[in-house]
Amino acid sequence: MKLRSFALSVVACLAPLVPAASSAQAPDGPVARLCRTQQACRAEADRRLAPPVRGATSPLARDQDLFHWFGRINMASTVANVELGIIPKELAGPIARGVAHSIDQAARPDGRRPSDVLQTEKLIVDAAGPEATLIHTGRSRQDIHSTLTMGQLRTELLDFADGLNGLRAQLLDMAARHVETFVPSYTNGVQAMPISLAHYLLAFADSLERDAERLRQAWPRVDRSTLGAAVLANSSWPLDRRRLAELLGFEGVTVNGYDATQIAPGDVGLEAAQLAGSTALRIGALMQDVHVQYHQTRPWMLLAPNRTYTSSAMPQKANPGVIQNARILASDVVASVQQVVMRAHNVTPGMLDYKYSWTAPGGARTFVQAVQLLRDATDVMASLRVDAARALEELEGEWTTSMELAETLQREHRIPFRVGHHFASEVVVHARAHRLTPKAFPYPEAQRIYAEAARRYAVADARLPIDEATFRRTLSPADMVRTRVGLGGPQPAETTRMLAVAREALAADRAWVGDRRDRIAAAEARLNEAFAALLAR
């Protein structure tokens, strides 16, 4: 009753100040033509996601600048405050048309897109009179900006998720083609064991899947509205914060007002930025692995010829610029996360330092760079050409299967592992001293070395218990990979199984992103519909 009485007094006091324009018919500008269904809003969002753009994670994110969010928040405040009676019904139409005017005028050639709340408010007041400031009841720059910051982060995170899933899909598609492409793996920078290229690629895909899981876990903390918390302790007006969150497409609210506007923007933004940093670390490692191929005179994995550039002085060179660019971006993303940390470090609550540290303009541009990194890395992997025969030749020129000698003796003949390991080590020492490859190693020499190892460890039977055919097969990289057993190994059957599981996880993550975009689109449609009803009054 008190609220209604106050509203009526506002009408009486301010009616003489209402411009004639405020009683005009509902406008026919961009606001009046906003999407009214989830399907239409989602289609419009998808249209602005499709083309890549520099300087933003997507055209959609670029368009959702401060002014965009001022408009959405003003629309939501108008609807919610009319429902509460803070804005009298008699003023609902004029004020809504004033808000619409502030948004519509930006589409004109001479339109303005203010980056300040009060400048945007002046556009509304110029059209609808001072009573339009009722939309600002119980609000502050603090809750407005902390809300729109989470809205922008929400969009950039979904764009990041799309890029992450795109790279995962590329890795899985490549893995499916190379289940039986055998390549060296490395530890401490030294060739270690033969694996399949699919096994290697799946490892990176699985690590990126964990980043997708981290993103889903962080999402509920990002997808919260702070609108209605005012500066940091609410106001004397009973604003419906949950209704405001619903109108803006947030799944919840950050309840404590002080936390909402002064604390959460920092730690939630940092948590999100660290997701991008985690991904960048793995992409950097992957790009370095690919890049090192260019150190060899006969690489087994190279970019397609049209993806390199020539030297200005050395005609033999084909420089892998796209790989180098991806590595640079990976470093830039990791560095940007440190900028976010340093902006927040040793700063008292309430300062601006940390609230926009991850974004642009003026911030670290973490997700802008991270999404471009994901695109570039996907392009690199799609451009690679693999020479399976050369990769196998690389393996067969080294002794990466020597461990299999020891395991075969233990598994099939119960020779203690240390005896077999010593035998295999001595074989490698002899081979390197005489420049012998596994295929060329003399079987009689293997028999001699085994006899010496047996005597050293007091093994009763000093005869090598495997024949020459088994000796050769044991040293085969392809055979070693194919005969691995157990969960997570590189053997084709297990790799194929892991590939299927990874594809299921990717499909689920893509569905999750789609569902979040659908929810946001549904909320956008509901707000547009509710606001359109006010415009028609």
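Residues numbered from 1 in each chain as written. Predicted model: local features only at pLDDT ≥ 70, side-chain atom pairs only at ≥ 80, totals over all residues. Heavy atoms only, no water.

### A look at the state of the cysteines
As used here, a disulfide is simply a covalent bond connecting the sulfur atoms of two cysteines. The cut-off we apply is this: A pair of cysteine sulfur atoms is labelled a disulfide when the two atoms are within 2.5 Å.
Scanning the entire structure with this criterion turns up 1 disulfide. With its sulfur 2.0 Å from that of its partner, cysteine 35 forms a disulfide with cysteine 41. Judged by the sign of its S-S torsion, about 100 degrees, the cystine formed by cysteine 35 and cysteine 41 is right-handed.

### A short note on unusual backbone geometry
The criterion, for reference: Secondary structure elements follow DSSP: runs of H or I no shorter than four residues count as helices, runs of E no shorter than two count as strands, and numbering proceeds from the N terminus. Working definition: with a 1.4 Å probe on protein chains only, accessible area under 20% of the residue-type maximum means buried, over 50% means exposed, and in between means partly exposed.
Despite not being glycine, asparagine 346 shows a phi value in the positive range, around 60 degrees. As for its position among the elements, asparagine 346 is in the loop between α11 (321-344) and α12 (366-383). Unlike most non-glycine residues, arginine 414 shows phi in positive territory, near 55 degrees. Arginine 414 sits in the exposed class, given a relative accessible area of 78%.

### A few points about the environment of alanine 229
This is how the line gets drawn: Working rule for contacts: check all heavy atoms of both residues, and any pair within 4.5 Å makes them a contact.
Turning to its location among the elements, alanine 229 is positioned in the loop between β3 (224-225) and α9 (241-247). Judged by its relative accessible area of 0%, alanine 229 is buried. Along the primary structure alanine 229 and valine 253 are separated by 24 residues, whereas in three dimensions their C-alpha atoms are 9.8 Å apart. Not counting chain neighbours up to four residues away, the residues in contact with alanine 229 comprise Asp143, Asn234, Arg241, Gly257, Ala260 and Thr261.

### Thoughts on the packing of α11 against α12
A pair of packed helices can be characterised by two numbers: the angle between their axes and the separation between those axes. Worth spelling out the cut-off: Here an angle of 0 to 180 degrees is reported between the N-to-C directions of two axes, which are lines fitted to C-alpha atoms, with helices fitted over the stretch in contact. In these notes the angle categories are as follows: under 35 degrees is roughly parallel, over 145 is roughly antiparallel, 65 to 115 is roughly perpendicular, and the rest is oblique. Each crossing gets its hand from how the near helix is turned against the far one by less than a right angle, where anticlockwise is left-handed and clockwise is right-handed. Ten residues, namely Ala, Val, Leu, Ile, Met, Phe, Trp, Tyr, Cys and Pro, are considered nonpolar, four, namely Asp, Glu, Lys and Arg, are considered charged, and the remaining ones, Gly among them, are considered polar.
Axis separation between α11 and α12 bottoms out at 9 Å; the angle between their running directions is 155 degrees. Here α11 lies roughly antiparallel to α12, going by the angle between them. The handedness of the crossing between α11 and α12 is left-handed. Here Val322, Ile323, Ala326, Leu329, Ala330, Asp332, Val333, Ser336, Val337 and Val340 of α11 lie close against α12, whose contacting residues are Thr366, Gln369, Ala370, Gln372, Leu373, Asp376, Asp379 and Val380. Here the contact of α11 with α12 is built from residues that sort into 11 nonpolar, 4 polar and 3 charged.

### What about the packing of aromatic side chains?
Working definition: an aromatic ring pair is given by the centre-to-centre distance plus the angle between the planes. Convention followed: Note on aromatic contacts: the rings of Phe and Tyr and the six-membered ring of Trp form a pair at centre separations within 6.5 Å, being stacked when their planes are under 30 degrees apart, edge-to-face when over 60 apart, and tilted otherwise. In this scheme, Lys NZ or Arg CZ marks a charge over a ring once it lies within 6 Å of the ring centre and within 35 degrees of the ring normal.
For the structure on display, the rule yields 9 aromatic pairs. These aromatic residues form a ring-pair network of at least three members: Trp399, Phe441, Tyr443 and Phe471. In this structure, arginine 154 is placed above the aromatic ring of phenylalanine 250, and the distance from its NZ or CZ to the ring centre is 4.2 Å.

### As for the packing of helix α14 (residues 402-413) against helix α15 (residues 417-433)
With their axes 8 Å apart at the nearest point, α14 and α15 run at an angle of 145 degrees to one another. For α14 against α15, the interelement crossing comes out right-handed. Of the residues in α15, those touching α14 at Ser402, Leu405, Ala406, Glu407, Leu409 and Gln410 are Phe417, Gly420, His421, Phe423, Ala424 and Val428. Its residues placed into classes, the contact of α14 with α15 shows 7 nonpolar, 4 polar and 1 charged.

### Things to note about the layout of surface pockets
What counts here: Think of a 1 Å grid over the protein atoms and nothing else: a 1.4 Å probe that fits but is trapped marks a cavity, an open set flanked by protein within 12 Å on at least five of seven lines marks a pocket, and residues with an atom within 4 Å of a point count as lining. Grid points are joined across faces, edges and corners, and a volume is the space filled by probe spheres set on the points.
By volume, the largest pocket amounts to about 530 Å³. Together, 20 residues line the largest pocket, and Pro30, Leu34, Arg48, His68 and Ile103 are the ones closest to its centre. Of the residues forming the lining of the largest pocket, the biggest block, 5 residues, is contributed by helix α4 (residues 66-84). Considered class by class, the residues forming the lining of the largest pocket number 9 nonpolar, 2 polar and 9 charged.

### Things to note about a nonpolar patch on the surface
To keep things clear, this is the line we draw: Patch building starts from residues that exceed 30% relative accessible area and form no salt bridge, then joins like charges within 9 Å and nonpolar side chains (Val, Leu, Ile, Met, Phe, Trp, Tyr) within 5 Å. Note on areas: Shrake-Rupley, 1.4 Å probe, and residue coverage restricted to the protein chains presented here. By definition, a salt bridge exists where a carboxyl oxygen of Asp or Glu is found within 4 Å of a side-chain nitrogen of Lys or Arg.
Together, Val231, Leu232, Tyr258 and Ile263 give the surface a local cluster of nonpolar side chains, amounting to about 300 Å² of exposed area. Assignment of secondary structure puts valine 231 in the loop between β3 and α9.

### A short note on the environment of valine 347
On the secondary structure map, valine 347 appears in the loop between α11 and α12. Residues valine 347 and valine 31, spaced 316 residues apart in sequence, show a C-alpha to C-alpha distance of 40 Å. Ignoring anything within four residues of it in the chain, the contact list for valine 347 reads Asp353 and Tyr354.

### Points about the side chain of aspartate 116
Test applied: Contacts described as polar in this section are N or O atom pairs within 3.5 Å, which, within protein, must combine one atom able to donate a hydrogen with one able to accept it, while residues neighboring in sequence count only if both atoms come from side chains.
Positionally, aspartate 116 belongs in the loop between α5 (89-104) and α6 (117-128). A distance of 2.8 Å separates polar atoms of two side chains, one belonging to aspartate 116 and the other to arginine 141.

### A few points about α4
To keep things clear, this is the line we draw: Each residue after the first adds 1.5 Å to the expected span of a helix.
Here α4 spans 26 Å end to end across 19 residues, near enough to the 27 Å set by a 1.5 Å rise per residue. The first or second residue beyond α4 is glycine 85, which carries a positive phi of 90 degrees.

### Some words on the nonpolar core
Put simply, the rule reads: Definition of nonpolar core: a set of buried residues of the types Ala, Val, Leu, Ile, Met, Phe, Trp, Tyr and Cys, connected through side-chain atoms within 4.5 Å.
Counting 103 residues, the largest nonpolar core has Leu153, Leu157, Phe160, Leu171, Met287, Met381 and Phe531 as its most contacted members. The biggest single contributor to this core is helix α7 (residues 141-177), with 15 residues.

### Side note on the pattern of salt bridges
Within the structure shown, the criterion is met by 42 salt bridges. Between arginine 214 and aspartate 211 there is a salt bridge, and its shortest N-O distance comes to 2.6 Å. Of this pair, arginine 214 and aspartate 211 both sit in helix α8 (residues 197-222), separated by 3 residues, roughly a single helical turn. On the basis of relative accessible area, arginine 214 is assigned to the partly exposed category, the value being 35%. Between glutamate 398 and arginine 432 there is a salt bridge, and its shortest N-O distance comes to 2.8 Å. Pair noted here: glutamate 398 is in the loop between α13 (388-396) and α14 and arginine 432 is in helix α15, with a separation of 34 residues, a long-range link.

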